[in-house]
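Structural overview
So the chains spell out like this:
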Amino acid sequence: MSTKAFYPISEIGKGKPGFSKTRSIIEVAFYGNNVVKVNSLKEAYNLAKNSPGTVVTDMPVYNPEALGLDRDAKVLLFNDGSITGRYAAARRIQGEPGVNEDKLDKILMDAIYDTRYKKLYHAEVYIGLDKEFMVKAHLLIPEGEENILYNWMLNFQYINDTYLKMYQESKPIGNEPDIYIFSDPQWKGTDQVDVCDGKCLSYFSTNTNCAAILGMRYFGEHKKGTLTIAWAIANRNGYASCHGGQKEYTLKDGSNRKFVASVYGLSGSGKSTITHAKHNGKYDVLVLHDDAFIINDETCASIALEPSYFDKTNDYPTGCSDNKYLITVQNCSATKDENGNVVLVTEDIRNGNGRAIKSKLWSPNRVDKLTSPVNAIFWIMKDPTLPPIVKINGASLASVMGATLATKRSSAERLAAGVDPNALVVEPYANPFRTYPLVNDYKKFKKLFEEKNVDCYIINTGDFMGKKVTKEDTLGVIEAVVDKTAKFEKWGPFSDIEICKWEGFIPDLNDEYYVSQLLARMQDRVNFVKSRETFKDGYDKLPSDALSSLEKVVAELKK
């Protein structure tokens, strides 16, 4: 699949696909006489290297020529100031109740007008790394923001001969136009605080594949903003959109049996750790990606959307061997080593959520597509009432447990005033970047469970009633599932939940306090689904079977 960049005269006009008001406001800016096209990754590197404030470290990029860079390329560091995370409160999505499109369009018109005396850079990338699904995206951003531009081209697939040929062999996706994103991190804001945050705005018209990102310097806004639109395109065209990781295990027991596992969780939940775990060489492993992919809801094959990794630096000290694969770094410090070389200080000393783009070469077993169908989906939760693993039976319950995925916020998020960062929250399918009704994801995942025989598990990577679930526990329960040694049995009164009794984490259903806490957390899920019936005028309302499957769990526990 590919998107549409050029139109016959007969297809241009009011009311035709690709010609909405908001898209027209955004796309025209790309053709201004103040726009400079950035045609290669090497060009983007040199712009970022010479951008004021960039720290050019003495750390070489590993095998840069394989990445499209010159042999002498160095790791670049750039710091954004005090804001080092995403800000969900700034998002406005066309089609959602309460979003004033007319006023937002005018704010956007003025924001674009205000860039007329600035040099603007235009870059292009592909999202989706197989000809089955590739969309072209365009970014327009002012001079002075060269590091965002470079990171964006690194994070997605910059255009080279290999991927250009692949894209040309793709089949066009109906009326899906290219993605256009206008960004101005230098935006001065607006006094129209009745329609948006006065200092920053992420405005999405995902039905027409365009967005504006204003007043936001953090690269993660641009990465996830772009993925937001790509996921929406995938959702409309027969794919389940996934914010998670996926890998394929091949057993070394002579059977050559394969097992494809998908894990879903917010940043900091452990999805990257699980995806990249090597399991001491116990299996032959192929890694698809640790953050963004899609699953074909008919074939169950999966496609990665990005080549590189946008990873936290906190767990990788300056001398860590994994830092060999860094390309750029954001929001970290630097110092000089004993040889006088400028090196990174990576352990979140300067601020929380230090980040880096790591090259695709970090995973020697990396692939862009897994044709083997997915076998199991693991919802990663940080719910203290859940043991390290349970198995969910029944397609409705399996899907709605993903829709009510309970977790805690991470340092990757910039929270609005008054929001408790330690509160247990529900983030459906671990994807806060959805721009379409929640029922779409519910039906996609239910189909996988109901028609494609995909198994469903919940793994708790937080703590269980005060006892920490370690990385070794998490990898252990997953390996037991892969090896088919996990012994699942009926869990107490539940007809659709089975438990694998993991040593040290066996729930006591005779403990009244524990049962009351478990009941409360399950009731939270019921309440969340009920709340969707009125929240945003029912925009995210789920089918009745979703609620009834949860109410059944609560009723069984009360007995």
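Refer to the preceding data block for the structure.
What you see is a predicted model; the values in this text were computed from it and never measured.

Quick notes on the rules
- Residues numbered from 1 in each chain as written.
- Predicted model: local features only at pLDDT ≥ 70, side-chain atom pairs only at ≥ 80, totals over all residues.
- Heavy atoms only, no water.
- Pairing = 2+ DSSP bridges.
- Helix = DSSP H or I, 4+ residues; strand = E, 2+ residues; numbered from the N terminus.
- Axes fitted to C-alpha atoms, helices over the stretch in contact; angles between N-to-C directions.
- Buried < 20%, exposed > 50% of the residue type's maximum accessible area, 1.4 Å probe, protein only.
- Arc of directions from axis to C-beta.
- Contact = heavy atoms within 4.5 Å.
- 1 Å grid on protein atoms, 1.4 Å probe; cavity = no way out; pocket = protein on both sides within 12 Å on 5 of 7 lines; lining within 4 Å.
- Points joined across faces, edges and corners; volume = space filled by probe spheres on them.
- Nonpolar A, V, L, I, M, F, W, Y, C, P; charged D, E, K, R; others polar.
- Core = buried A, V, L, I, M, F, W, Y, C linked by side-chain atoms within 4.5 Å.
- Salt bridge = Lys/Arg side-chain N within 4 Å of Asp/Glu carboxyl O.
- Phe/Tyr/Trp six-rings, centres within 6.5 Å; stacked < 30°, edge-to-face > 60°.
- Lys NZ or Arg CZ within 6 Å of the ring centre and 35° of its normal.
- Parallel < 35°, antiparallel > 145°, perpendicular 65-115°, else oblique.
- Left-handed = near helix turned anticlockwise from the far one by under 90°.

Here we take up the sheet that holds strand β22 (residues 355-358). Taken in spatial order, the five strands line up as β3-β4-β19-β22-β18 in an open sheet, and their pairing is mixed. The open sheet has two edge strands with one neighbour each: β3 (55-60) and β18 (309-312). This sheet shows a mean twist of 25 degrees between the axes of neighbouring strands, independent of strand direction. Pairing of strand β4 (residues 74-78) with strand β19 (residues 326-330), which is carried by three bridges, proceeds in the parallel orientation. Pairing of Phe78 across the sheet is with Gln330, part of β19.

For the rest of this paragraph, the subject is the pairing of strand β24 (residues 376-381). Here β24 lies mainly inside the structure; six of its six residues are buried. As paired strands, strand β14 (residues 258-264) and β24 are joined by four bridges and run parallel to one another. What sits directly across from Ser262, in β24, is Ile377. Of the pairings in the sheet, the one linking β24 to strand β28 (residues 455-460) comprises six bridges and is parallel in character. Across the sheet, the residue bridging to Met381 is Asn460, located in β28.

Buried residues of helix α2 (residues 41-49): Leu41, Ala44, Tyr45 and Ala48, and no others. For α2, the angular spread of buried residues about the axis comes to 105 degrees, placing them on one side. Where α2 is buried, its residues meet β4, α4 (146-155) and β8 (157-158).

Take empty space enclosed by the protein next. Using the criterion set out here, one finds three cavities of 30 Å³ or more in the structure. Approximately 40 Å³ is the volume attributed to the largest cavity. In this structure, the largest cavity is lined by Phe78, Asp80, Asn147, Ile148, Asn151, Arg217, Phe219 and Gln330. The leading source of residues in the lining of the largest cavity is α4, at three residues. Its residues placed into classes, the lining of the largest cavity shows three nonpolar, three polar and two charged.

As a further point, take the pairing of strand β6 (residues 120-130). Of all the eleven residues making up β6, eleven are buried; the element is thus mostly covered by neighbouring parts of the structure. Of the strand pairs in this sheet, strand β2 (residues 35-37) and β6 are connected by three bridges, and their pairing is parallel. Bridge pairing links Val36 to Tyr121 in β6. The pairing of β6 with strand β7 (residues 133-142) spans nine bridges and is classified as antiparallel. Residue pairing in the sheet places Ile127 in a bridge with Val135 of β7. Taken together, β6 and the strand that follows it, β7, pair antiparallel across an intervening segment of two residues. Relative to β8, β6 is paired through two bridges, and the arrangement is antiparallel. Paired with Val125 across the bridge in β8 is Tyr158.

With that settled, the discussion passes to the nonpolar core. Ranked by internal contacts, the top residues of the largest apolar core, which has 64 residues, are Ile127, Phe133, Tyr150, Trp152, Met153 and Ile179. At seven residues, the largest contribution of residues to this core is made by helix α6 (residues 219-236). Ranked by size, the runner-up nonpolar core spans 63 residues in total, among them Tyr264, Ile377, Val390 and Tyr429.

We now examine the pattern of salt bridges. It is possible for side chains of opposite charge to pair when their charged atoms get near one another. Counted under the stated rule, the structure contains 35 salt bridges. Between Asp524 and Arg521 there is a salt bridge, and its shortest N-O distance comes to 2.8 Å. One end of the pair, Asp524, and the other, Arg521, are both in helix α11 (residues 512-531), three residues apart, so they sit about a helical turn from each other. Since its relative accessible area comes to 34%, Asp524 is described here as partly exposed. Exposure remark for Arg521: the relative accessible area of 19% places this residue in the buried category. Sharing partners across several salt bridges, the network here consists of Lys223, Lys224, Lys271, Asp291 and Glu306.

On to the packing of aromatic side chains, then. Taken as a whole and assessed by the stated rule, the structure comprises 26 aromatic pairs. Look at Phe30 and Tyr180: their rings are 4.7 Å apart centre to centre, the planes differ by 85 degrees, and that puts the pair in the edge-to-face class. One end of the pair, Phe30, is in the loop between α1 (21-27) and β2; the other, Tyr180, is in strand β10 (residues 179-184), and 150 residues separate them in sequence. Assigned by exposure class, Phe30 and Tyr180 land together as buried. Seen from their ring centres, Tyr45 and Tyr150 are 5.7 Å apart, and the 70 degrees between their planes marks the pair as edge-to-face. Placement of Tyr45 in helix α2 and of Tyr150 in helix α4 is noted, with a sequence separation of 105 residues between them. In this structure Tyr45 comes out as buried when scored by relative accessible area, which is 6%. Note on Tyr150: relative accessible area 0%, which makes it buried. Put simply, the rings of Tyr264, Phe293, Trp379, Tyr429, Phe445 and Phe449 touch in pairs and so form one group of aromatic residues. Between Lys358 and the ring centre of Trp362, over which it is positioned, the NZ or CZ distance is 3.8 Å.

Residue position: Arg525 is located in helix α11. You can call Arg525 buried: its relative accessible area is 2%.

Right, let's talk about the side chain of Gln330 for a bit. Within the secondary structure, Gln330 is located in strand β19. Of the residues examined, Gln330 reaches a relative accessible area of 4% and is grouped as buried. Apart from the residues lying within four places of it in its own chain, the contact partners of Gln330 are Leu77, Phe78, Asn79, Asn151, Phe310, Gly354, Arg355, Ala356 and Ile357.

Contact pair helix α8 (residues 395-403) / helix α9 (residues 438-451): the axes reach a minimum separation of 8 Å and the direction vectors enclose 140 degrees. The pairing of α8 with α9 is recorded here as oblique in orientation. Where α8 crosses over α9, the handedness of that crossing is right-handed. Every residue of α9 that contacts α8 at Ala395, Ser396, Ala398, Ser399 and Val400 is listed here: Asp441, Tyr442, Phe445, Lys446, Phe449 and Glu450.

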